[in-house]
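Listed below are the residues making up each chain.
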Amino acid sequence: MARRDGRRKLPTIKVVAAAAGVSTSTVSRVFSRPHVLRESTVAHVTEVATRLGYVPHHAARALSTGRLGMIAVVVPDIANPFFPPVIRAAQARASAGGASTVLGDTDEDPAKELDLLVKLQQRTDGVVLVSSRLPEDVVRERGQHGPLVLVNRDVAGVGRVLVDSAPGIREAVDHLADLGHRHLAYVSGPTTSWSDEQRRRAVGERCAALGVAVSVLRAHRPDHEEGRAAAGEVLAVGATAAIAFDDALAQGVLAGLAERGVAVPRDVSVIGCDDILAATTYPPLTTVHGRGAEAGRLAVELLLELVEDPDGEPDHRRLLPSSLTCRATTAVPPAGDGPGRGDS
């Protein structure tokens, strides 16, 4: 089909539906809610639409439905290696659901986070808020202003997807205790982090159950430089092993120990959390494997359901368990602090 100006006229949703032998509502769902249809139907309609050159008209959809075809993903620090896989998975799921994604970075600042959240709730169909640093009552109140789903923040009444790092942390403590370590250090993350609270509690409770001493170090921003500084703190408390809040801190601890002439794992063992940088450190980092990308995907699925059905149940809670992945940064402690190396 051609227009009077000679340009090709794009096919309508009715043309695609007729060519595919389906209803117009089915075509609409293929580009807005593909997860509610059979994969074969989505593939067939997508192929027909592509062949005909059909382009979904999100502006027209917004006029008729009040939706903008856009969601937001807000993270505390885009430079932290945990968040890019979460963002990428969220964007891919949003795109499959016919939505674009806008990204917000709060730089670990709760005031900036609240300002961004308020603005983005006004300008998008909904928000995925990752590792929020806001007070619980503020998060719950913002959940009343539009579709909101949390990642790694457990607030009743708001949909959330949680990477449960406690099982993996307990495995990490067991692993170090089995090697003979009797004094561990936990390198804390941000004080406002739900994940840090969960991990710190798991370390403390498991160490108490096993009769292992633990020194909980001060709060750190989760980045490489903070980890380098924390290496001196680990040595100062006399711990033979350290569990860091995340891989970014653990990587910094490795560097800080190397700068001080301390060998890992001969002199000090180190374990991280999230399994994002672990395979690229030297030595390869033993870490707690989390499922961040899956959390991002599931959070967008929950959000799209809330956008589609604003009166639906908002209090969904999905828990993704973790596990320990052993690599090369843990070993028996130095002689005199545990079993001899010949015992391993």
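Bear in mind the structure is a predicted one, so any value in this text is a computation, not a measurement.

A. Here's a closer look at the packing of helix 1 (residues 13–20) against helix 3 (residues 39–52). Running from amino to carboxyl end, helix 1 crosses helix 3 at an angle of 125 degrees, the nearest separation of the two axes being 9 Å. In terms of orientation, helix 1 and helix 3 fall into the oblique class. With respect to the hand of their crossing, helix 1 and helix 3 are arranged in right-handed fashion. Facing helix 1, whose interface residues are Val-15, Val-16, Ala-19 and Ala-20, helix 3 presents His-44, Val-45, Val-48, Ala-49 and Leu-52. Split by residue class, the contact of helix 1 with helix 3 holds eight nonpolar, one polar and no charged.

B. How the structure looks around the sheet that holds strand 1 (residues 70–75). Across the sheet, which stays open at both edges, the six strands sit in the order 2-1-3-4-5-11 with parallel pairing between neighbours. Of all the strands in the sheet, the pair left with one neighbour each is strand 2 (100–105) and strand 11 (317–321). The sheet shows a mean angle of 15 degrees between the axes of neighbouring strands, direction not considered. Helix-sheet contacts for helix 5 (residues 83–96) involve strand 1, strand 2 and strand 3 (127–130), and the interaxial angle to strand 1 is about 170 degrees. With respect to the sheet, helix 12 (residues 292–308) is in contact with strand 1, strand 3, strand 4 (148–151), strand 5 (159–164) and strand 11, its orientation differing from that of strand 4 by roughly 165 degrees.

C. View of the side chain of Asp-274. Within the fold, Asp-274 resides in strand 9 (residues 269–274). Looking at Asp-274, its side chain comes within polar contact range of the side chain of Arg-199, at 3.1 Å. Apart from residues no more than four positions distant in its own chain, Asp-274 is found in contact with Phe-82, Arg-199, Asp-246, Asp-247, Thr-287, Val-288 and Gly-290.

D. The arrangement of the sheet that holds strand 6 (residues 183–187) in detail. Strand order in the open sheet formed by six strands is 7-6-8-9-10-12, and the pairing between neighbours is mixed. Here the strands that pair on one side only, and so sit at the sheet edges, are strand 7 (213–216) and strand 12 (323–325). Adjacent strand axes in the sheet meet at a mean angle of 25 degrees when their direction is disregarded. Alignment of strand 9 against strand 10 (residues 286–289), held across four bridges, turns out to be parallel. Within the sheet, the bridge partner assigned to Asp-274 lies in strand 10 and is His-289. Here helix 8 (residues 166–179) sits on the sheet and contacts strand 6, strand 8 (241–244), strand 9, strand 10 and strand 12; the angle it forms with strand 12, its principal contact strand, is near 50 degrees. Docked against the sheet, helix 11 (residues 247–259) engages strand 6, strand 8, strand 9 and strand 10, running at close to 155 degrees with respect to strand 9.

E. Region of interest: unusual backbone geometry. A cis geometry characterises the amide bond from Val-264 onward to Pro-265, with omega recorded as 10 degrees. Going from Tyr-282 to Pro-283, the amide bond is cis rather than trans, its omega being -10 degrees. The topology assignment puts Pro-283 in the loop between strand 9 and strand 10. Positive phi values are uncommon outside glycine, yet Ser-131 reaches one of about 50 degrees. Relative accessible area serves as the criterion here: at 6%, Ser-131 is assigned to the buried category. One non-glycine residue, Asp-274, lies in the positive phi region at around 110 degrees.

The rules behind these values
- Residues numbered from 1 in each chain as written.
- Predicted model: local features only at pLDDT ≥ 70, side-chain atom pairs only at ≥ 80, totals over all residues.
- Heavy atoms only, no water.
- Axes fitted to C-alpha atoms, helices over the stretch in contact; angles between N-to-C directions.
- Helix = DSSP H or I, 4+ residues; strand = E, 2+ residues; numbered from the N terminus.
- Parallel < 35°, antiparallel > 145°, perpendicular 65-115°, else oblique.
- Left-handed = near helix turned anticlockwise from the far one by under 90°.
- Contact = heavy atoms within 4.5 Å.
- Nonpolar A, V, L, I, M, F, W, Y, C, P; charged D, E, K, R; others polar.
- Pairing = 2+ DSSP bridges.
- Polar contact = N/O pair within 3.5 Å; in protein donor to acceptor, adjacent residues only side chain to side chain.
- Buried < 20%, exposed > 50% of the residue type's maximum accessible area, 1.4 Å probe, protein only.

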